[in-house]
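Report on the structure
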Amino acid sequence: MSTWTINPDTPVDELWSRWITETTNERDPETNNLYLMTYGATHIAPFFKTLGAITSARAADYMRHRLGSVLKTTVNKELSALRGFLAWCQEQGYVDAAPVIPKPARRATGTRFGVRRRGKSTELGVEECRLLINCLPEWSESLRVSRFPIRARFVVAFETSLRPATLNALSVPEHYTRGATSLTITEDIDKARFSREVPLSPEACAALDSILPDHGLIFGDHDYRDQLRAAAAAVLTPAKAKTFTAYDLRSARLTQLAETNLNGAAFVAGHTRISTTAIYVRPNQAAARRALSGAGPTGFTPPGQKPAPYPASARERLAGVGNSPIRMPLCEGEDLNLHGNNPASTSS
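Residues numbered from 1 in each chain as written. Predicted model: local features only at pLDDT ≥ 70, side-chain atom pairs only at ≥ 80, totals over all residues. Heavy atoms only, no water.

Regarding the layout of surface pockets
Reported here for the second largest pocket is a volume of approximately 460 Å³. Mapped by element, the contributors of at least two residues to the lining of the second largest pocket are α1 (12-22), α2 (29-48) and α7 (164-169). The residue inventory of the lining of the second largest pocket, partitioned by class, reads 8 nonpolar, 7 polar and 5 charged. (1 Å grid on protein atoms, 1.4 Å probe; cavity = no way out; pocket = protein on both sides within 12 Å on 5 of 7 lines; lining within 4 Å. Points joined across faces, edges and corners; volume = space filled by probe spheres on them. Helix = DSSP H or I, 4+ residues; strand = E, 2+ residues; numbered from the N terminus. Nonpolar A, V, L, I, M, F, W, Y, C, P; charged D, E, K, R; others polar.)

Here's the deal with the environment of Lys 49
In this fold, Lys 49 is placed in the loop between α2 and α3 (56-67). The exposed category is assigned to Lys 49, whose relative accessible area is 56%. When the C-alpha atoms of Lys 49 and Thr 10 are compared, they prove to be 8.4 Å apart, with 39 residues separating the residues in sequence. Once residues lying within four places of it in the same chain are set aside, the contact partners of Lys 49 are Thr 10, Pro 11, Val 12 and Ile 44. Separated by 3.1 Å, the side chain of Lys 49 and the backbone oxygen of Pro 46 make a polar contact. (Buried < 20%, exposed > 50% of the residue type's maximum accessible area, 1.4 Å probe, protein only. Contact = heavy atoms within 4.5 Å. Polar contact = N/O pair within 3.5 Å; in protein donor to acceptor, adjacent residues only side chain to side chain.)

Digging into the nonpolar core
Of all hydrophobic cores here, the largest spans 41 residues; its most connected members are Phe 154, Leu 170, Tyr 176, Leu 183, Leu 208, Ile 218 and Phe 244. Of the residues forming this core, the biggest block, 6 residues, is contributed by helix α6 (residues 151-160). When neighbours within four sequence positions are excluded, Leu 208 is seen to be in contact with Val 156, Tyr 176, Leu 183, Leu 200, Ile 218 and Phe 219. Ranked by size, the runner-up nonpolar core spans 30 residues in total, among them Val 12, Met 63, Leu 82 and Trp 88. (Core = buried A, V, L, I, M, F, W, Y, C linked by side-chain atoms within 4.5 Å.)

Topic: helix α4 (residues 72-91)
Here α4 spans 28 Å end to end across 20 residues, near enough to the 28 Å set by a 1.5 Å rise per residue. The complete set of buried residues in α4 reads Lys 72, Val 75, Glu 78, Leu 79, Ala 81, Leu 82, Phe 85, Leu 86, Trp 88 and Cys 89. Tucked inside the fold, the buried residues of α4 contact α1, α2 and α3. Gly 93 occupies a position one or two residues after α4 and carries a positive phi of about 85 degrees. (Expected span 1.5 Å × (residues − 1).)

Structural measurements only, silent on function.
See below:
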């Protein structure tokens, strides 16, 4: 049995936050945010509440509880985070021996979530994305927290297609200064540790300059779900609004960019492999229309119209075809006995 050397009534979320802070360099920003907000604050801390409640038996209860709501793969990730937390607690001397955390049975599958969250993205056109973003409020209106920018954040998100965790970590002057035409993405805020200068569109620059603080975080980490749901309901069809998530804006933008410039889209998105960006290129009718409209004329005569005559120089070249006394050079194994009875190949 595990024995806690600190007060076992200590709330889990207090020590969990400290664990994330002290080990933040061991994970990328997006994973840190997932561990802190989703695994810890949303599921693990509310279930166990206090450190003393984290036992092997209670962990098994947690596992079965979560398998009733999500797939086995998600439960495994959450339990892995819990094991990492307990290993750190043991390392720090807060518990004499970390409780054993069980694994789901091999045949366990879990429960697929009722509404899609991060499966196949909702297909959105550029105009749909712009209408949706324009429906967002400029600033938050909650009285419980200091106000934060909303519309400008999603203008920059769409224009740059940067990951949410990277956007949350942008700050002044490290990553942007007023009047700049690019974002400096440092490796510490990028999931792939891909430092680069991301060029900005005029729309993105205007959005940043309109809300830019004198120093510190530009956007920070906030919950935008209510505002996004309201905007989606106002602009999208009911079917699309039901499955829409903020990540669909990134997917839509990368799909658009990748159709015309795969290398550029990969650089902006922070993909170190083109094959990752290629996932966003989905065959669709709108892309086909754009491809054909930009391909230029083929030169074929429409049915019912008389073909234009060849230019004089072309007629002169064509006049001798089939009548030239000059013997054409042969490829190895070929002859010009095109209509005779002998085989064309002379090889044995």
